[in-house]
2 protein chains.
Amino acid sequence: MTNGRPDLAAMLARLARQLIAIEQPILAEHDVSMWGYAVLTALRDEPMRTQAALARSIGADKTRIIGILDELQRRTLIEREPDPADRRVRLLRLTPAGRDLHSAVQAEIRSAEETMLGQLDDEERHFFLQALENLHRT
Amino acid sequence: MTNGRPDLAAMLARLARQLIAIEQPILAEHDVSMWGYAVLTALRDEPMRTQAALARSIGADKTRIIGILDELQRRTLIEREPDPADRRVRLLRLTPAGRDLHSAVQAEIRSAEETMLGQLDDEERHFFLQALENLHRT
DNA sequence: TATTGTTATACTCTATAACTATA
DNA sequence: TATAGTTATAGAGTATAACAATA
């Protein structure tokens, strides 16, 4: 007889779905999609030299982020200019407005996460987050 | 400045995707889909009286599991008979073959999970799983 | 009239391949 | 010829609404 717990993937997928549902209203209020927010997050950590690299870093396809970049650029949340040294590639970075929007959204998301994390006691919470970060880095 | 960790949803979603990718070959080898396996798992824990309840319990839509139930029934992995007391509803339960298949697949999945859980030390692993189970029950 | 299961339809997401412009 | 970005197309997955059978 296998251990009584549910499968790992089932638990993780369900929690992820739940959390995404919680965050949806926040993103909608700021008129940004999940992938748009992922792009802002990736660019906040470091500017990128190619769209393909950006796509890879958020686990998406290079063809899929184009519409997202179009929209973010139209709203002047990101800059996207051809590299003078190689005019095929686009240099990507956040504008001040993009940075502000990201900060505002992330703050609300962090607060919303508490509805989930708040159910854990201190010890569980600490090791849960530590384990998640360790696994995520791998 | 917010805490340096990535957003919770980003970490959970990525780990879930990773784990699902790891399990895909196992499911394929046994010729069962992710949702098919989810159905077998749900029915192993307890037989169900309606398809809608089953769908809800695995986070799916009642219209979406029909094809899956058709297939599982065709392979005689589940039984699906009208309730004599209310012929609108279908009583659902695993056949012995369904139970065997589920056990075999789950054993392999548990083993595959170790490639991820094995990266944690004992303390992290213990509280990580405990926290996941607590959150999952909620 | 309400409910269970089913079917049909449309919509969203995603993956693949073809195209352009540079190199 | 190879690469970055773009566009077009098709496929899978999903949600919604309409339908038939039963209560």
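Values in this document were obtained by computation on a predicted structure and should not be read as measured data.

Residues and elements named next belong to chain A. It is at 10 Å that the axes of helix α1 (residues 8-29) and helix α5 (residues 96-117) come closest, and there the two elements cross at 140°. The angle between α1 and α5 falls in the class oblique. In this structure, α1 meets α5 at a crossing whose hand is right-handed. Mapping the contact onto sequence places L15, Q18, L19, I22, E23, I26 and L27 in α1 and V105, E108, I109, A112, E113, T115 and M116 in α5. Its residues placed into classes, the contact of α1 with α5 shows nine nonpolar, two polar and three charged.

Regular strands place their side chains on alternate faces of the sheet. All names here are of chain A. Where strand β1 (residues 78-83) meets strand β2 (residues 86-94), six bridges bridge the pair, whose relative direction is antiparallel. Bridge pairing links E81 to L91 in β2. A loop of two residues connects β1 with β2, the two strands running antiparallel in sequence.

Counting residues in each nonpolar core, the largest one holds 32 residues, and the members touching the most others are A:L8, A:L12, A:F128, B:L8, B:L12 and B:F128. Among the elements of the structure, α1, α5 and α6 (122-137) of chain A together with α1 (8-29), α5 (96-117) and α6 (122-137) of chain B are those that each provide at least two residues to this core.

Attention shifts here to the interface of chain A and chain B. In this assembly, 43 residues from chain A lie in contact with 45 residues from chain B. The contact between chain A and chain B buries some 4600 Å² in all, and 64% of this surface belongs to carbon and sulfur atoms. The largest share of the area that chain A buries against chain B comes from A:R5, A:L135 and A:H136, three residues that together contribute 16% of it. Counting every contact that joins chain A to chain B gives four salt bridges. Where A:E113 meets B:R5, a salt bridge forms, and the shortest distance between an N and an O atom there is 2.7 Å. Our enumeration of links across chain A and chain B arrives at 20 residue pairs in polar contact (both at pLDDT 80 or more). Along the lines of polarity and charge, the residues of the side of chain A that touches chain B split into 22 nonpolar, ten polar and eleven charged.

With respect to spatial proximity, 17 residues lie near DNA strand D, and among them A:Q51, A:A52, A:R88, B:R64 and B:R87 are the closest. A:R88 is positioned with one of its side-chain polar atoms (N or O) 3.0 Å from a base oxygen of DNA strand D. In the environment of DNA strand D, a phosphate oxygen lies 2.6 Å from a nitrogen or oxygen atom belonging to the side chain of B:R64. Among the elements of the structure, α3 (51-57) and β2 of chain A together with β2 (86-94) of chain B are those that each provide at least two residues to the surface near DNA strand D. Split into classes, the residues belonging to the surface near DNA strand D amount to four nonpolar, four polar and nine charged.

Parameters at a glance
Residues numbered from 1 in each chain as written. Chains lettered and ligands numbered in written order. Predicted model: local features only at pLDDT ≥ 70, side-chain atom pairs only at ≥ 80, totals over all residues. Heavy atoms only, no water. Axes fitted to C-alpha atoms, helices over the stretch in contact; angles between N-to-C directions. Helix = DSSP H or I, 4+ residues; strand = E, 2+ residues; numbered from the N terminus. Parallel < 35°, antiparallel > 145°, perpendicular 65-115°, else oblique. Left-handed = near helix turned anticlockwise from the far one by under 90°. Contact = heavy atoms within 4.5 Å. Nonpolar A, V, L, I, M, F, W, Y, C, P; charged D, E, K, R; others polar. Pairing = 2+ DSSP bridges. Core = buried A, V, L, I, M, F, W, Y, C linked by side-chain atoms within 4.5 Å. Buried < 20%, exposed > 50% of the residue type's maximum accessible area, 1.4 Å probe, protein only. Buried area = accessible area lost by both parts, 1.4 Å probe. Salt bridge = Lys/Arg side-chain N within 4 Å of Asp/Glu carboxyl O. Polar contact = N/O pair within 3.5 Å; in protein donor to acceptor, adjacent residues only side chain to side chain. Near = heavy atom within 4 Å.

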